[in-house]
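Residue-level structural notes
So you can see what is in the structure, the chains are spelled out below.
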Amino acid sequence: MICEHCDTVHRSHALAPAETMRCVRCGALLARYHVLNADGMLALVLTALIVFLIANVWPVVTLGLGSQQSSATLWGTILMMWEQGAQLVAVVAAATLFFFPLNKMLMLGWVLLFARNGRRAPGFASIMKTLFHLQPWTMTEVFVLGALVSIVKARAYFDVQPDPGIWAYGVLTLLITVFSGIDLRRLWDVTEPRA
């Protein structure tokens, strides 16, 4: 195992519960024990996909002014931004809130489907590299925080009702946080290369 901070090479070993591995040179965290195996991680991915579907189908918020009410989904908002001339913002929102998280979950699910049997999925190396590069571009937590701030501020002018979509995005944020804490590099060790 190579330290990402100082490039010191360490001999890796199986960790016991609550055990961590730190770099002897710079003290950086190299690995920590995780309870979840490939089956548990796959269950989390499937749960996240279901929650992601709910978050994108149901409205995020309903605004009311008098007797008029208007609901908004994520895609409705993205299309509205596109039509009003904010194409760059619409593309960035679609990429970071829909396409990157969806691709991350699908690729991780594909890899874990094979890892359950100790095998590497077709395209394993390129998928693992892509997952590494997608990590900082999943902005669901930023969206949830921004939406909650907007809901609180809009209450001064409108009747605002949070809809199931925002709650699903909140749950999705928690699941993505759990994914971020899992060291996917373990999959290199627990899987065998394809013959």
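Residues numbered from 1 in each chain as written. Predicted model: local features only at pLDDT ≥ 70, side-chain atom pairs only at ≥ 80, totals over all residues. Heavy atoms only, no water.

In total, this model carries 5 aromatic pairs according to the counting rule given. A centroid spacing of 5.0 Å and a plane angle of 90° characterise the contact between Phe-98 and Phe-99, whose relative ring orientation is edge-to-face. Using a relative accessible area of 17% as the deciding quantity, one classes Phe-98 as buried. Judged by relative accessible area, which is 41%, Phe-99 ranks as partly exposed. In this structure an aromatic cluster arises from ring pairing among Phe-52, Trp-75, Phe-98 and Phe-99. (Phe/Tyr/Trp six-rings, centres within 6.5 Å; stacked < 30°, edge-to-face > 60°. Buried < 20%, exposed > 50% of the residue type's maximum accessible area, 1.4 Å probe, protein only.)

By the burial criterion, the buried members of helix α4 (residues 124-134) are Phe-124, Ile-127, Met-128, Leu-131 and Leu-134. For α4, the angular spread of buried residues about the axis comes to 125°, placing them on one side. Turned more than 90 degrees away from the buried face of α4, the exposed residues are Lys-129, Phe-132 and His-133. (Helix = DSSP H or I, 4+ residues; strand = E, 2+ residues; numbered from the N terminus. Arc of directions from axis to C-beta.)

This part is about the sheet that holds strand β5 (residues 159-162). As summarised here, the arrangement of the 3 strands in space is β4-β3-β5, forming an open sheet in which the pairing is antiparallel. In the strand order of this sheet, the two ends are held by β4 (68-72) and β5, each with one partner. In this sheet, neighbouring strand axes are inclined to one another by 20° on average, regardless of whether the strands run parallel or antiparallel. (Pairing = 2+ DSSP bridges. Axes fitted to C-alpha atoms, helices over the stretch in contact; angles between N-to-C directions.)

Here we take up the side chain of Asp-163. By the secondary structure assignment, Asp-163 is in the loop between β5 and α6 (164-181). Of the residues examined, Asp-163 reaches a relative accessible area of 7% and is grouped as buried. Among all residues touching Asp-163, those that are not within four sequence positions of it are Pro-59, Val-60, Val-61, Thr-62 and Ser-71. (Contact = heavy atoms within 4.5 Å.)

None of the figures reported here should be taken as evidence of function without further support.
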